[in-house]
Amino acid sequence: MRVVHTQTELIEALKILTHIAFVPTMGNLHEGHLKLIEEALKKTKHVVVSIFINPLQFNSKDDFINYPRTLDEDLLMLQKLDVPLVFAPSKEDILEPSQTIEIQLPDIANDLCGKFRPGHFNGVATIVCKLFNLIQPELAFFGKKDFQQLFLIKELVNQLSYPIHIIGIDTVRDKDGLAKSSRNNLLSEENRKKASQLFKLMHEMKDKAMQKTSSFKEIEEDAVSLLNASGWRVDYLTIRSAQSLKTPVFNENQMVILGAATLGSVRLIDNIEFCIQD
Ligand code: PAF
């Protein structure tokens, strides 16, 4: 496994790889990331993984500072998987002297998580474009846990005509249903036990939506009240069209329930896709 830290080294190392499958990460790798990499390795041996904690996508300095940094452990995991090339640039190398150009995304980037983390997705899109331009992959893998991110990356690739096939990979969960996330390690023992409530409640929302006994609005309001009453601070918990991420229109079938809520000081996100009719 080769690990490179600068753009110059990366360009050199890429000369022996073709038809690349790319997995961008911010490190602190867990089973969710490993699944993305395993799926990439099923397609080709020429897999490139990036590890970069992108300051452009954090809107809180503390969140950026507290983000877990575990490069040595991450590299050991990648070595075990036999990943041929890892790009782990410094901020100075990839964003300096100054990154004054930023990608502007469609309006839906300012809804859901974008409403609570202004500019977050523009920061994601900017680094993803830079990495796509440098690595020029044929395939790129993203987790479905970050449903809005995946949606916007697909939009970016379509609208900017990147010749890259974006592959979304199902969320990996703990036994109790909690989606794997780098943030889970920050939960207290007590809150870790509570954390699967979000996923369980989303399942109940899905069942109610399919039974059609209450309106989507009622289902959402009940779920938000319930979660807030059990000690969470809910940002949103909503049923949307899986095609547009907007409020579903009449007779729409493919839905997604998206949620973001904070437990203690840890903000968790999750989602469930479903169809109204099979
Ligand atoms: O999903 C992530 O880990 C990040 O948003 C990404 C795609 C690596 C961009 O920094």
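In this text, all values refer to a predicted model and were calculated from it rather than measured experimentally. (Residues numbered from 1 in each chain as written. Predicted model: local features only at pLDDT ≥ 70, side-chain atom pairs only at ≥ 80, totals over all residues. Heavy atoms only, no water.)

Caption draft 1: Focus on the site of the ligand. The environment of the ligand is made up of Pro-24, Thr-25, Met-26, Asn-54, Gln-57, Val-124, Ile-127, Phe-142 and Gln-149. In the model, an oxygen atom of the ligand is placed 2.7 Å from a nitrogen or oxygen of the Gln-57 side chain. Starting from 290 Å² of accessible surface for the ligand in isolation, the protein chains cover 89%. Elements with a contribution of two residues or more to the shell around the ligand: strand E2 (21-25) and helix H7 (120-135). In terms of residue class, the shell around the ligand is built from five nonpolar, four polar and no charged. (Near = heavy atom within 4 Å. Polar contact = N/O pair within 3.5 Å; in protein donor to acceptor, adjacent residues only side chain to side chain. Areas by Shrake-Rupley, 256 points an atom, 1.4 Å probe, with all protein chains shown as cover. Helix = DSSP H or I, 4+ residues; strand = E, 2+ residues; numbered from the N terminus. Nonpolar A, V, L, I, M, F, W, Y, C, P; charged D, E, K, R; others polar.)

Caption draft 2: Region of interest: the packing of aromatic side chains. Enumeration according to the criterion identifies six aromatic pairs in this entry. Ring centres of Phe-58 and Tyr-67 lie 5.6 Å apart, and the angle between their planes is 75 degrees; on these two criteria the pair is classed as edge-to-face. Of the two residues, Phe-58 and Tyr-67, neither departs from the other in class, the shared state being buried. Taken together, Phe-22, Phe-132, Phe-142 and Tyr-162 form an aromatic cluster joined through their ring pairs. Between Arg-69 and the ring centre of Phe-64, over which it is positioned, the NZ or CZ distance is 4.9 Å. (Phe/Tyr/Trp six-rings, centres within 6.5 Å; stacked < 30°, edge-to-face > 60°. Buried < 20%, exposed > 50% of the residue type's maximum accessible area, 1.4 Å probe, protein only. Lys NZ or Arg CZ within 6 Å of the ring centre and 35° of its normal.)

Caption draft 3: Inspection of the pairing of E2 at higher detail. Extensive coverage of E2 is indicated by the burial of five of its five residues. Following the backbone out of E2, through helix H2 (residues 31-43) and into the adjacent parallel strand E3 (residues 47-51), one traces a crossover that is right-handed. Where E2 lies against strand E5 (residues 139-143), two bridges are found, and the strand directions are parallel. Looking at the pairing, Ala-21 lines up with Leu-139 of E5. (Right-handed = clockwise from strand over helix to strand, strands pointing away. Pairing = 2+ DSSP bridges.)

Caption draft 4: Quick look at the nonpolar core. Counting 47 residues, the largest nonpolar core has Phe-132 and Ile-166 as the members making the most contacts within it. Looking at this core, the elements with two or more residues in it are helix H1 (7-13), strand E4 (85-87), helix H5 (91-95), H7, E5, helix H8 (147-159) and strand E8 (254-263). For this core, the element with the highest residue contribution is H7, accounting for 10 residues. Beyond its immediate chain neighbours, meaning those up to four positions away, Phe-132 contacts Phe-22, Pro-137, Ala-140, Phe-142, Ile-153, Val-157, Tyr-162, Ile-164 and Ile-166. (Core = buried A, V, L, I, M, F, W, Y, C linked by side-chain atoms within 4.5 Å. Contact = heavy atoms within 4.5 Å.)

Caption draft 5: Expanded view of the sheet that holds E4. The parallel open sheet is built from six strands, whose spatial order is E1-E4-E3-E2-E5-E6. Looking along the sheet, the strands with just one partner apiece sit at the ends: strand E1 (2-4) and strand E6 (165-169). The mean angle between the axes of side-by-side strands here comes to 25 degrees, regardless of whether they run parallel or antiparallel. Across five bridges, the pairing between E2 and E3 is parallel. Looking at the pairing, Phe-22 lines up with Val-48 of E3. Sitting on the sheet, H7 is in contact with E2, E3, E4, E5 and E6, with an inclination near 150 degrees to E2. (Axes fitted to C-alpha atoms, helices over the stretch in contact; angles between N-to-C directions.)

Caption draft 6: Quick peek at the layout of surface pockets. Its volume calculated, the second largest pocket comes out at about 230 Å³. Along the wall of the second largest pocket there are 17 residues; nearest its centre are Ile-51, Phe-52, Ile-53, Arg-69 and Pro-89. Class assignment for the residues of the lining of the second largest pocket results in nine nonpolar, five polar and three charged. (1 Å grid on protein atoms, 1.4 Å probe; cavity = no way out; pocket = protein on both sides within 12 Å on 5 of 7 lines; lining within 4 Å. Points joined across faces, edges and corners; volume = space filled by probe spheres on them.)

Caption draft 7: Geometry of the sheet that holds strand E9 (residues 266-275). One open sheet accounts for three strands, arranged E7-E8-E9; its pairing is antiparallel. Of all strands in the sheet, those bounded by a partner on one side alone are strand E7 (233-241) and E9. Sheet twist, expressed as the mean angle between neighbouring strand axes with direction ignored, is 10 degrees. The sheet contact formed by E7 and E8 spans eight bridges and is antiparallel. Paired with Tyr-236 across the bridge in E8 is Ala-260. Strand contacts of helix H11 (residues 216-229): E7 and E8, with the helix running at about 160 degrees to E7, the strand carrying the most contacts.

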